[in-house]
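# Working through the structure, step by step
Now for the letters of each chain:
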Amino acid sequence: MRGFWHIVESFMAITIIITFVMIISGGLIKVQTPEETEIKAYKILKNLDEKGVLRSYAVNNDYSGLNSQIELYNYNHSIEICQSVGNCVGDEPNTENVWVGTYIISGDYIYEPRIIKLYLY
Amino acid sequence: MNRESLSYTFTDISKISDKRIKGQFFLWGALLLVIAFFIGSVGLTQKIIVTESDDMSFYSDNIKKEIPKALNFGLNESNGTSTLVDFSRFLDSVLAERMIKYSSIWLVSEKNDTGVDITVGNFLDKNITITLNISTTSKNLFVKDNSTNKTTFTSVNPSFTLKIEYDGTTKTLNWNRDKVNLYVRYNLTRGKKRIIEEITG
């Protein structure tokens, strides 16, 4: 019976210590979900559009040029540009744990719809 | 120190050593329990997050901005509503790839010599009859799914009110005769989640 109480005491002690460490370290332990990463990718593309950078690269299918405009240090990234579903140019990474953000444009100065996919991995 | 007392000391040391070993077992047992506890709690949290997907609202934000642009490009290239038809089908295919069902209805008014032309685009996945009412003139327009239909209203005031009714939905729009006007209502659906948005301009 004494052994049982030793386990309970140790359990509580370790839980308190780990909880304390987690509170102190805060956001360091936070893991991004797939949805958060995809939304992050979307926001990067949207931000490039708002800066007036995205569309000219997209309508010219210049995926490497567009990729070079992205400043992101936590992830590897690549761009794919599609004129329609399945009709794409660019680099689709062949690895596990790839998150993709999709941004749609109707054109730049003329009607030329494109799907821009930003892969983060 | 005699032989008896020496023997007692060895027994005592042995008991203390046993207690330390038992203590280590308790510690390891507690550590395993804590690890199991945290793995369990992380697993539960992940399950909750996976069901909470909010990417649809970002697509909606994207679409809301692009549809009027598509119409403007079309008007600049004298294609007008044809461009909007193409873009509606484009959005349908792109969003289907993301497991999102896109359906929409849109109306475009353009000035003509005697009044306004009103074009209705139906991408609601079913045929509809839409009632269009300007002032005292009311018209029923049948629009097949995935296509457009057009009607003309004559003697329209520079500022006019268009009332529309279709499939149990009604909407009143205050438009200007001398400019191109756009109204779009679209649904994004994925499973139980649904976003309904309107664009006027």
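Structural data are supplied above this passage.
Residues numbered from 1 in each chain as written. Chains lettered and ligands numbered in written order. Predicted model: local features only at pLDDT ≥ 70, side-chain atom pairs only at ≥ 80, totals over all residues. Heavy atoms only, no water.

With that settled, the discussion passes to the packing of aromatic side chains. By convention here, two paired aromatic rings are described through the distance between centres and the angle between planes. Enumeration according to the criterion identifies 7 aromatic pairs over all chains in this entry. Here the aromatic rings of Tyr-42 of chain A and Tyr-103 of chain A are separated by 5.5 Å at their centres, their planes lie at 45°, and the arrangement is tilted. Here the residue Tyr-42 of chain A occupies a position in helix H2 (residues 34-50), and Tyr-103 of chain A occupies one in strand S3 (residues 99-107), the gap between them amounting to 61 residues. Relative accessible area serves as the criterion here: at 4%, Tyr-42 of chain A is assigned to the buried category. Members of the aromatic cluster, each reached through a chain of ring pairs, are Tyr-42 and Tyr-103 of chain A together with Phe-58 of chain B. It is Lys-139 of chain B that lies over the ring of Phe-153 of chain B; its NZ or CZ is 4.9 Å from the centre. (Phe/Tyr/Trp six-rings, centres within 6.5 Å; stacked < 30°, edge-to-face > 60°. Helix = DSSP H or I, 4+ residues; strand = E, 2+ residues; numbered from the N terminus. Buried < 20%, exposed > 50% of the residue type's maximum accessible area, 1.4 Å probe, protein only. Lys NZ or Arg CZ within 6 Å of the ring centre and 35° of its normal.)

Our next topic: the side chain of Thr-81 of chain B. Residue and element names in this part refer to chain B. The topology assignment puts Thr-81 in helix H3 (residues 81-97). On the basis of relative accessibility, which here comes to 15%, the residue Thr-81 falls in the buried class. Residues contacting Thr-81, with those up to four places away along its chain left out, are Trp-106, Val-108, Glu-110 and Thr-119. (Contact = heavy atoms within 4.5 Å.)

Below, the discussion takes up the interface of chain A and chain B. Each partner contributes to the interface: chain A provides 36 residues, whereas chain B provides 34 residues. Both sides together, the interface formed by chain A and chain B hides about 3100 Å², and carbon and sulfur atoms give 69% of it. Broken down residue by residue, the surface that chain A buries against chain B is led by Tyr-42, Ile-104 and Tyr-111 of chain A, which jointly contribute 23%. Between Glu-97 of chain B and Lys-117 of chain A there is a salt bridge; the shortest N-O distance is 3.2 Å. Our enumeration of links across chain A and chain B arrives at 12 residue pairs in polar contact (both at pLDDT 80 or more). Contributions of two or more residues to the side of chain A that touches chain B are made by helix H1 (2-25), H2, strand S1 (77-84), S3 and strand S4 (111-120) of chain A. With 9 residues, the top contributor of residues to the side of chain A that touches chain B is H1 of chain A. (Buried area = accessible area lost by both parts, 1.4 Å probe. Salt bridge = Lys/Arg side-chain N within 4 Å of Asp/Glu carboxyl O. Polar contact = N/O pair within 3.5 Å; in protein donor to acceptor, adjacent residues only side chain to side chain.)

The tally for this structure, following the rule as stated, stands at 15 salt bridges over all chains. Close ionic contact of Glu-198 of chain B with Lys-171 of chain B constitutes a salt bridge, the shortest N to O distance being 2.9 Å. Taken as a pair, Glu-198 of chain B in strand S9 (residues 193-200) and Lys-171 of chain B in strand S7 (residues 169-176) lie far apart in primary sequence, 27 residues in all. Taking relative accessible area as the criterion, Lys-171 of chain B reaches 23% and is therefore assigned partly exposed. Overlapping salt bridges, with partners in common, bring together Asp-49 and Arg-55 of chain A together with Lys-65 and Glu-66 of chain B in one network.

Residue and element names in this part refer to chain B. On the surface, Trp-28, Leu-31, Leu-32 and Ile-35 cluster together into a nonpolar patch covering about 420 Å² of accessible area. By secondary structure assignment, the location of Leu-31 is in helix H1 (residues 3-51). Classification of Leu-31 as partly exposed rests on a relative accessible area of 31%. (Patch = residues over 30% accessible without salt bridge, like charges linked within 9 Å, V, L, I, M, F, W, Y side chains within 5 Å. Areas by Shrake-Rupley, 256 points an atom, 1.4 Å probe, with all protein chains shown as cover.)

With that out of the way, let us pick up the state of the cysteines. All names here are of chain A. A full pass over the atoms with the stated rule returns 1 disulfide over all chains. Put simply, Cys-82 and Cys-88 are joined by a disulfide, and their sulfur atoms are 2.1 Å apart. Taking the sign of the S-S torsion, 100° for the link of Cys-82 and Cys-88, the bridge is right-handed. (Disulfide = S-S within 2.5 Å.)

For the rest of this paragraph, the subject is the environment of Ser-68 of chain A. Residue and element names in this part refer to chain A. By the secondary structure assignment, Ser-68 is in helix H4 (residues 63-68). The exposure class assigned to Ser-68 is exposed, which follows from its relative accessible area of 54%. The sequence separation of Ser-68 and Ile-79 amounts to 11 residues, and the corresponding C-alpha distance is 9.5 Å.

Moving on: the nonpolar core. One finds Ile-67 and Leu-188 of chain B to be the most contacted residues of the largest nonpolar core, which totals 29 residues. Contacts of Ile-67 of chain B, omitting those with residues within four sequence positions, involve Leu-84, Phe-87, Leu-91, Tyr-102, Leu-182, Val-184, Tyr-186 and Ile-199 of chain B. Listed in part, the 22 residues of the second largest apolar core include Leu-54, Ala-58, Tyr-103 and Leu-118 of chain A. (Core = buried A, V, L, I, M, F, W, Y, C linked by side-chain atoms within 4.5 Å.)

One non-glycine residue, Met-99 of chain B, lies in the positive phi region at around 65°. If you trace the backbone, Met-99 of chain B turns up in the loop between H3 and strand S1 (101-111).

For the rest of this paragraph, the subject is the sheet that holds strand S4 (residues 137-143) of chain B. All names here are of chain B. With antiparallel pairing, the 4 strands of this open sheet are ordered in space as S4-S3-S6-S7. Because the sheet does not close on itself, it has two edges, and the strands there are S4 and S7. Across the sheet, the mean angle separating the axes of adjacent strands is 20° when strand polarity is ignored. Pairing analysis gives 7 bridges linking strand S3 (residues 128-134) to S4, with the strands arranged antiparallel. Within S4, the position partnered with Ile-128 by the bridge is Val-143. (Pairing = 2+ DSSP bridges. Axes fitted to C-alpha atoms, helices over the stretch in contact; angles between N-to-C directions.)

Here the focus is the pairing of strand S8 (residues 181-190) of chain B. Residue and element names in this part refer to chain B. Within S8, 7 of the 10 residues are buried, which leaves the element mostly enclosed by the surrounding structure. Note that S1 and S8 share 9 bridges and pair antiparallel. Note on S8: the bridge partner recorded for Tyr-102 is Leu-188. Pairing analysis gives 8 bridges linking S8 to S9, with the strands arranged antiparallel. Bridged to Arg-185 within S9 is Glu-198. Here S8 folds back onto S9, and the loop between the two strands holds 2 residues, one of which, Gly-191, carries a positive phi near 60°.

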